[in-house]
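Inside the fold
If you want the building blocks of each chain, they are given just below.
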Amino acid sequence: FLCRDCGKYFNQRLPGVLPYQRATEPFKDEVSLKHHDGTSVLKVSQRLGLGEATVGRYYRKYLAREFNEHKNAHVPKILGIDEKKFSKKLGYQTTLVNLQKHTVFDITLGRTESNLGKYLRRLPGKENCKVIVMDLSETYRKMARDYFPKAMVVADRFHVVRLINHHFLKTWSQLDVVGRKNRGLMYLMRMHEWSEMKEKSRKNLYRYLSENPALKAVYDFKQSLMRIILSRVSNRNAAKKLIPQFLDAIRALKTSNFGNLETLGDTLENWSEEIVRMWRFSKTNSITEGLHRRMDEIQNRAYGMHNFNNYRIRVKAYCS
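Residues numbered from 1 in each chain as written. Predicted model: local features only at pLDDT ≥ 70, side-chain atom pairs only at ≥ 80, totals over all residues. Heavy atoms only, no water.

1. Description of the side chain of Lys 126
- In this structure, Lys 126 sits in the loop between α4 (113-121) and β4 (131-134).
- Comment: no salt bridge for buried Lys 126; closest opposite-charge side chain is Glu 127, at 6.4 Å.
- Discounting chain neighbours no more than four positions away, the residues touching Lys 126 are Val 75, Leu 120, Arg 121, Tyr 147 and Phe 148. (Helix = DSSP H or I, 4+ residues; strand = E, 2+ residues; numbered from the N terminus. Buried < 20%, exposed > 50% of the residue type's maximum accessible area, 1.4 Å probe, protein only. Lys, Arg positive; Asp, Glu negative; His and termini not counted. Salt bridge = Lys/Arg side-chain N within 4 Å of Asp/Glu carboxyl O. Contact = heavy atoms within 4.5 Å.)

See the structure below:
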């Protein structure tokens, strides 16, 4: 428009439209969310009559705003730490998860202290963290003790069970190479004896174990160890009652004369404090593994990502 009095040109201001913009902010958010939920830029632009560059611009602004909302956030009270492969060129990433809210706190490249030391030193609110859940990684445990002095380290139940199964299967290979290659038997041997199992399968398993007495002894010991590891107690006194059983199991492993079981005994002894704390704690890194699945969706949708900063922004907008 032209003002006849002052001779200046101007644009009419529309309700909800910011200066120098052509659309309202709610409309931009609607466009961004359509693409954020998995619809391609081309589909969104065709359905709404917009250019692909416009959709991309709206979405980048949406990601920047979502990222800024979580910027400089304090470390959560219950923190989960795990690693994930990012790319062949850049290697692994470390994922920090808020286990109370089931959200990603942050991700950063690297998994060694030389790569993560500078990042961990400048994290705000580290004194707020009380519990850190992790797999049996000596590197992560050392960093937790150095940079989170007020936090207790708790072993992740899933990784402890997986470690026991791994060494048990290795020992089985030493006792019966042929039987170890049977997939049906392997599935049954990995199961807990108190799990639901078909009666026919249970009979086949017991018949196989009766034909291999040495393996049956190892199997029975593994089941008793699993019962101890998977125990959940509500107070300190109940946990104290399980400690002698756990220590006896460690001694039995270290004197078993099987290399893999001796290694397992050394590992459980090294992580005994963290495993004992696990009995009274319900949170596990299964939450972290689920968020890793969502990160894979982000990479698959983009057919692979090479810029880690863009990937980090998308993860925090998608998983926080």
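2. Considering the sheet that holds strand β5 (residues 152-155)
- The sheet built from five strands is open, its strands ordered β3-β2-β1-β4-β5 with mixed pairing. The sheet is open, and its two borders are formed by β3 (103-109) and β5, each paired with just one other strand. Going from strand to strand, the sheet's axes swing by 30° on average, the running direction of each strand aside.
- For strand β1 (residues 78-87) and strand β2 (residues 91-98), the ladder comprises eight bridges, and the chain directions are antiparallel. Bridge assignment links Lys 84 to a residue of β2, and that residue is Gln 93.
- Where helix α15 (residues 308-319) meets the sheet, its contacts fall on β1, β2 and β3, and the angle it forms with β3 comes to roughly 170°. (Pairing = 2+ DSSP bridges. Axes fitted to C-alpha atoms, helices over the stretch in contact; angles between N-to-C directions.)

3. Describing the pattern of salt bridges
- Applying the stated rule across the entire model yields 16 salt bridges.
- Residue Asp 248 is joined to Arg 251 by a salt bridge in which the shortest nitrogen-to-oxygen separation is 2.2 Å. Of the two residues, Asp 248 and Arg 251 both sit in helix α11 (residues 236-254), three residues apart, roughly one turn of that helix.
- Residue classification places Asp 248 among the partly exposed positions, given a relative accessible area of 43%.
- Classification of Arg 251 by relative accessible area gives partly exposed; the value is 48%.
- The salt bridge partner of Glu 269 is Lys 254, with a shortest N-O separation of 2.7 Å.

4. Let's talk about the pairing of β2
- A large share of β2 lies buried, amounting to seven of its eight residues.
- Joining the antiparallel neighbours β1 and β2 is a turn of three residues.
- Inspection of the sheet shows β2 paired to β3 by six bridges, in the antiparallel sense. Each bridged residue has a counterpart across the sheet, and for Thr 94 the counterpart in β3 is Thr 108.
- Hairpin connection from β2 to β3: four residues lie between these consecutive antiparallel strands, with His 102 at a positive phi of about 60°.

5. Considering the packing of helix α14 (residues 286-301) against α15
- In the contact formed by α14 and α15, the axes pass within 10 Å of each other and the chain directions differ by 125°. Between α14 and α15, the interaxial angle falls into the category oblique. Note on packing geometry: the crossing formed by α14 with α15 is right-handed. On α15, the residues touching Leu 291, Arg 294, Met 295, Glu 297, Ile 298, Gln 299 and Arg 301 of α14 are Tyr 311, Arg 314, Val 315, Tyr 318 and Cys 319. (Parallel < 35°, antiparallel > 145°, perpendicular 65-115°, else oblique. Left-handed = near helix turned anticlockwise from the far one by under 90°.)

6. Topic: the environment of Ile 78
- Here Ile 78 is to be found in strand β1.
- In sequence terms Ile 78 and Leu 99 are 21 residues apart; their C-alpha atoms lie 5.7 Å from each other.
- Once residues lying within four places of it in the same chain are set aside, the contact partners of Ile 78 are Val 97, Asn 98, Leu 99, Gln 100, Val 131 and Phe 281.

7. Thoughts on a positive patch on the surface
- A surface patch of like charges, here positive, comprises Arg 22, Arg 57, Arg 60 and Lys 61.
- Among the structural elements, Arg 22 can be located in the segment before α1 (25-36).
- Judged by its relative accessible area of 86%, Arg 22 falls in the exposed class. (Patch = residues over 30% accessible without salt bridge, like charges linked within 9 Å, V, L, I, M, F, W, Y side chains within 5 Å. Areas by Shrake-Rupley, 256 points an atom, 1.4 Å probe, with all protein chains shown as cover. Charge placed at Lys NZ, Arg CZ, Asp CG, Glu CD.)

8. Some details on the nonpolar core
- The biggest cluster of nonpolar side chains holds 76 residues, and the ones touching the most others in it are Ile 132, Phe 148, Ile 229, Leu 268, Ile 275, Trp 279 and Tyr 311.
- One finds Ala 23, Val 31, Val 55 and Tyr 58 within the second-largest nonpolar core, a separate group that totals five residues. (Core = buried A, V, L, I, M, F, W, Y, C linked by side-chain atoms within 4.5 Å.)

9. Some points on α4
- When α4 is considered as a whole, its buried residues turn out to be Leu 116, Gly 117, Tyr 119 and Leu 120.
- Close packing links the buried residues of α4 with β2, β3 and α5 (138-147).

10. Side note on the packing of aromatic side chains
- For the coordinates displayed, the defined rule picks out seven aromatic pairs.
- Centre to centre, the rings of Trp 172 and Tyr 208 are 6.3 Å apart; their planes meet at 65°, and the pair counts as edge-to-face. Of the two residues, Trp 172 sits in helix α6 (residues 157-175) while Tyr 208 sits in helix α9 (residues 199-210), which places them 36 residues apart along the sequence.
- These aromatic residues form a ring-pair network of at least three members: Phe 86, Phe 308 and Tyr 311.
- If you follow Lys 85 out to its NZ or CZ, it ends over the ring of Tyr 92, 5.7 Å from the centre.
- For Arg 294, the ring lying beneath its charged end belongs to Tyr 318, and the centroid distance is 4.7 Å. (Phe/Tyr/Trp six-rings, centres within 6.5 Å; stacked < 30°, edge-to-face > 60°. Lys NZ or Arg CZ within 6 Å of the ring centre and 35° of its normal.)

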